[in-house]
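The chain contents come next:
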Amino acid sequence: MTLNTDKLLAFAKRISSHAGTIMVEAREKKGFSADYKADHELVTSTDLAIDHYLCQEIIAAYPDHRILSEESSPNLSLDAVPTWVIDPIDGTVNFAHHHRHVAVSIGLYVDGQRLLGVVYAPFLDECYWAIKGQGAYLNGERLWVADGVSLRNALVATGFPYQKNALEKLIKRVSNVLHQCQDVRRNGSAALDLCWVAAGRLQAYYESVKPWDMAAGALIAVEAGAVLGRYDEVESAWPLEINGDSLLVCAPSLYDAMQQVLAVD
Ligand code: IPD
Ligand code: CA
Ligand code: CA
């Protein structure tokens with residue numbers, strides 16, 4: 001299948017920009033309601049409104065494509081059909097608490113491979129994007145990871161799961177990072193953590209996340225020169241390209257050292 005990547009990118013940027021407007025208006029004018037799914041995971045009416053908007057736009061523009069979305073079709077897998085992997089709000093807890101570190105994340109996969117990604121943070125007015133093989137950008141400026149930083153000076157981001165029932169290893173890893181690296185950040189948006197590795201604002205990011213958290217950001221980080229690997233087992237059945245289990249994304253020179261930092265019993 002021949003695809004016009006420039007047109008697809010322009011489309012993804014346009015709908016991410018409007019999704020950002022929905023977020024900003026919901027916070028500043030219209031308001032939003034909050035609820036919990038599976039008893040512990042926050043979801044707001046704005047997550048659902050943006051999901052609805054993005055799905056409608058994709059279906060109208062590309063009726064033969066598929067959509068894997070956190071809010072409306074979280075079980076779909078990849079195949080040869082172009083598949084949009086979307087997270088309407090990455091950083092819902094930040095959104096609900098009026099923090100600014102929030103993004104919409106849109107990735108496109110073709111033949112099971114990452115083709116393009118857009119992550120737009122409306123409160124920061126930062127649009128990150130990448131097309132496979134063409135580099136990563138922030139608002140038009142080319143991004144590169146900050147390589148060559150020592151482990152001791154590396155700023156490392158991670159995140160914590162909604163379910164707090166298996167925290168022992170997670171706490172050991174954080175302790176190792178605190179002892180061996182510069183510091184830890186828990187910014188609350190996996191998509192932006194990946195983009196911040198791409199932008200050289202972080203040297204490493206690790207966490208177990210879902211496909212929609214990492215679909216776009218993983219491509220953006222890799223296109224900026226980051227290495228994407230795993231610090232532990234991949235347990236879920238998602239295809240590797242969208243599998244966010246034990247994700248370690250970092251500057252190439254830190255990869256081996258970070259594997260050791262994160263290896264715990
Ligand atoms: C969450 C954010 C957070 C990460 C969680 C994700 P959501 O996504 O990316 O940073 O630590 O693992 O679930 O729920 O805000 O879309
Ligand atoms: Ca998310
Ligand atoms: Ca979300």
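Note: the structure precedes this text.
Position numbers for residues start from 1 in each chain and track the written sequence from start to end. Whichever chain is written first is A, and whichever ligand is written first is 1; the rest continue in order. Local features in a predicted model are, by the rule used here, given only for residues with pLDDT of at least 70; side-chain atom pairs are given and counted only at 80 or more, and totals for whole chains, interfaces and linings are based on all residues. The basis for every side-chain value is the complete set of non-hydrogen atoms in the structure, without hydrogens or water.

Novice: Teacher, can you tell me more about the sheet that holds strand S6 (residues 113-121) here?
Specialist: Two orientations exist for strands paired in a sheet by backbone hydrogen bonds: parallel and antiparallel. DSSP-based pairing: two strands are paired if at least 2 bridges between them are found. Helix numbers and strand numbers start at the N terminus; a helix is a DSSP run of H or I with at least 4 residues, a strand a run of E with at least 2. Taken in spatial order, the seven strands line up as S3-S4-S5-S6-S7-S8-S9 in an open sheet, and their pairing is mixed. If you trace the sheet from one side to the other, it starts and ends with strand S3 (66-69) and strand S9 (141-142), each paired once.

Novice: Would you explain the coordination of the calcium ion (ligand 3) in this entry?
Specialist: Coordination angles at a metal have ideal targets, namely 109.5 degrees for four tetrahedral donors and 90 or 180 degrees for six octahedral donors. In the first shell of the calcium ion (ligand 3), the protein supplies Glu-70 (OE), Asp-87 (OD) and Ile-89 (O), at 2.3 Å from the metal. Note that water is not among the atoms considered, so a metal site may appear incomplete; the donors listed are N, O and S atoms within 2.8 Å of the metal, with 3.2 Å applied to Na, K and Ca. We note that the donor set of the calcium ion (ligand 3) lies within a single chain, spaced as E-x16-D-x1-I. The metal-metal distance between the calcium ion (ligand 3) and the calcium ion (ligand 2) comes to 3.6 Å, with Asp-87 coordinating both. Of this pair, Glu-70 sits in the loop between S3 and strand S4 (83-90) while Ile-89 sits in strand S4, placing them 19 residues apart in sequence. Relative accessibility under 20% of the residue-type maximum defines a buried residue, over 50% an exposed one, and the middle range a partly exposed one, all with a 1.4 Å probe and only protein chains included. Relative accessible area serves as the criterion here: at 14%, Glu-70 is assigned to the buried category. Ile-89 gets classed as buried once you look at its relative accessible area, which sits at 1%.

Novice: I keep staring at the site of ligand 1 and nothing clicks. Help me out?
Specialist: Around ligand 1 lies a shell of 16 residues, among which Asp-90, Gly-91, Thr-92, Tyr-162 and Glu-207 are the nearest. We call two N or O atoms a polar contact when they sit within 3.5 Å, provided that within protein one can donate a hydrogen and the other can accept it, with sequence-adjacent residues counted only if both atoms are side-chain atoms. Between ligand 1 and Asp-87, the relevant distance is 3.2 Å, taken from an oxygen atom to a side-chain nitrogen or oxygen of the residue. Asp-213 places a polar side-chain atom, nitrogen or oxygen, 3.5 Å from an oxygen atom of ligand 1. The Shrake-Rupley method, run with a 1.4 Å probe sphere, supplies the accessible areas, and residue values consider only the shown protein chains as cover. Taking 380 Å² as the accessible area of ligand 1 by itself, protein coverage stands at 92%. We call a residue near a molecule or strand as soon as one heavy atom of that residue lies within 4 Å of the molecule or strand.

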